[in-house]
Structure formats: C-alpha cells, structure tokens
Amino acid sequence: MARNRFHVKKGDTVLVIGGDDRSYADRRRQGEVLEADHRAGRVLVQGINMQVKHQRRTQRHPAGGKAERPGPIHASNVMLVCPSCDQPTRIRRRVREGTRVRVCRKCGKDID
Ligand SMILES: [Zn+2]
C-alpha cells in the first residue's frame with residue numbers, strides 16, 4: 001500500500017487557498033478530493049479548476065460534445081477541512097494501533 005504522503009486524500013473535503021490559475025480565481029472554495037496523485041503532488045477537487053473536455057462521438061456519448069472535469073491543482077493550494085470541527089486546519093500525525101492517523105490541530109480529533 002502506498003504511503004500517505006500528503007495531508008489530504010481521496011474523499012476529504014478541502015478548502016482551496018491559492019493557485020495562479022484564473023479558472024479558480026474565485027478562491028476560498030471548498031470541494032471534495034476526487035483523486036490525490038501523490039507522485040505529482042497534485043489533487044483533483046470537485047468543482048475546482050473546471051476544464052472543458054471536448055468529447056468525440058462514441059457509442060456511450062452519441063451526441064459527442066463537451067464535458068467539464070476538474071483539472072489538477074497543487075496539493076499545497078488546498079487545506080484540509082476537519083470533519084469534526086468543520087474548519088480548515090493543519091494536521092499533525094500520531095500512531096494509533098500501529099497506523100499513522102491525521103489529527104486536527106484545531107480540535108485535536110482524529111481525522112482518519
Ligand atoms: Zn477539527
């Protein structure tokens with residue numbers, strides 16, 4: 001199993017705090033992490049940095065056309081939103097029953 005190298009992972013809610021792409025110029029938006037690419041240091045966040053992909057006509061999409069999908073943003077541009085206290089927070093880690101878990105620095109609750 002791959003080691004969890006950043007503060008966020010798939011399924012987390014995150015707050016977008018930066019980035020220079022104009023398509024997410026409306027900063028401070030929250031979304032769910034759809035993918036976390038630990039090697040590239042990038043994440044896909046629902047509704048953030050949406051990009052239009054033009055689709056070819058296929059059997060599944062007989063009309064072809066456009067589909068919007070989130071584009072990758074750098075992991076340093078997102079902050080984890082703690083599911084317990086609902087605030088964007090930094091994390092620390094601790095070991096619980098042999099696995100490393102993330103802990104909210106604001107409320108002290110385990111996140112994983
Ligand atoms: Zn918290």
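Residues numbered from 1 in each chain as written. Predicted model: local features only at pLDDT ≥ 70, side-chain atom pairs only at ≥ 80, totals over all residues. Heavy atoms only, no water.

1. Some words on the overall build of the chain
To keep things clear, this is the line we draw: The way it works is that DSSP assigns letters per residue, a run of H or I at least four long becomes a helix, a run of E at least two long becomes a strand, and they are numbered from the N terminus. Buried means the residue's accessible area, taken with a 1.4 Å probe over protein chains only, is under 20% of the maximum for its type, while exposed means over 50%, and partly exposed covers the values in between. Contacts are assigned to residue pairs with any non-hydrogen atoms lying within 4.5 Å of each other. What sets the accessible areas is the Shrake-Rupley method with a 1.4 Å probe; for residues, cover comes only from the shown protein chains.
Counting its secondary structure elements, the chain contains 0 helices and 10 strands. In the chain, the succession of helices and strands from N to C terminus is β-β-β-β-β-β-β-β-β-β. The proportion of buried residues among the 112 residues of the chain is 31%. Contacts in the chain between residues far apart in sequence, at least 24 positions, make up 43% of those at least 6 positions apart. About 7700 Å² of surface is accessible on the chain, with carbon and sulfur atoms providing 44% of the total.

2. So, the coordination of the zinc ion
Basically, it comes down to this: For Na, K and Ca the donor cutoff is 3.2 Å, while for all other metals N, O and S atoms must lie within 2.8 Å; water is not among the atoms, so some sites may look incomplete. Every angle between 85 and 135 degrees makes a four-donor site tetrahedral, while opposite donors more than 155 degrees apart, with all other angles between 65 and 115, make a four-donor site square planar and a six-donor site octahedral; other sites are irregular.
The coordination sphere of the zinc ion, as far as protein atoms go, consists of Cys82 (SG), Cys85 (SG), Cys104 (SG) and Cys107 (SG), spread over 2.3 Å. For the zinc ion, the 4 donor atoms are set out with angles of 105 to 114° between them, so the coordination reads as tetrahedral. Between consecutive donor residues of the zinc ion, the sequence gaps follow C-x2-C-x18-C-x2-C. In this pair, Cys82 is assigned in the loop between strand 7 (78-81) and strand 8 (88-89) and Cys107 in the segment after strand 10 (99-104), connecting sequence segments 25 residues apart.

3. Quick word on the pattern of salt bridges
Going by this rule: Definition used for salt bridges: Asp or Glu carboxyl oxygen within 4 Å of a side-chain nitrogen of Lys or Arg.
Evaluated as defined, the whole model comprises 5 salt bridges. Here Asp110 and Arg96 are joined by a salt bridge, their closest N and O atoms 2.8 Å apart. Here Asp110 is found in the segment after strand 10, whereas its partner Arg96 is found in strand 9 (residues 91-96), with 14 residues between them in sequence. According to the relative accessible area criterion, Asp110 is partly exposed, its value standing at 23%. Classification of Arg96 by relative accessible area gives partly exposed; the value is 29%. Taken together, the shared-partner salt bridges in this structure form one network comprising Lys9, Asp12, Arg102 and Asp112.

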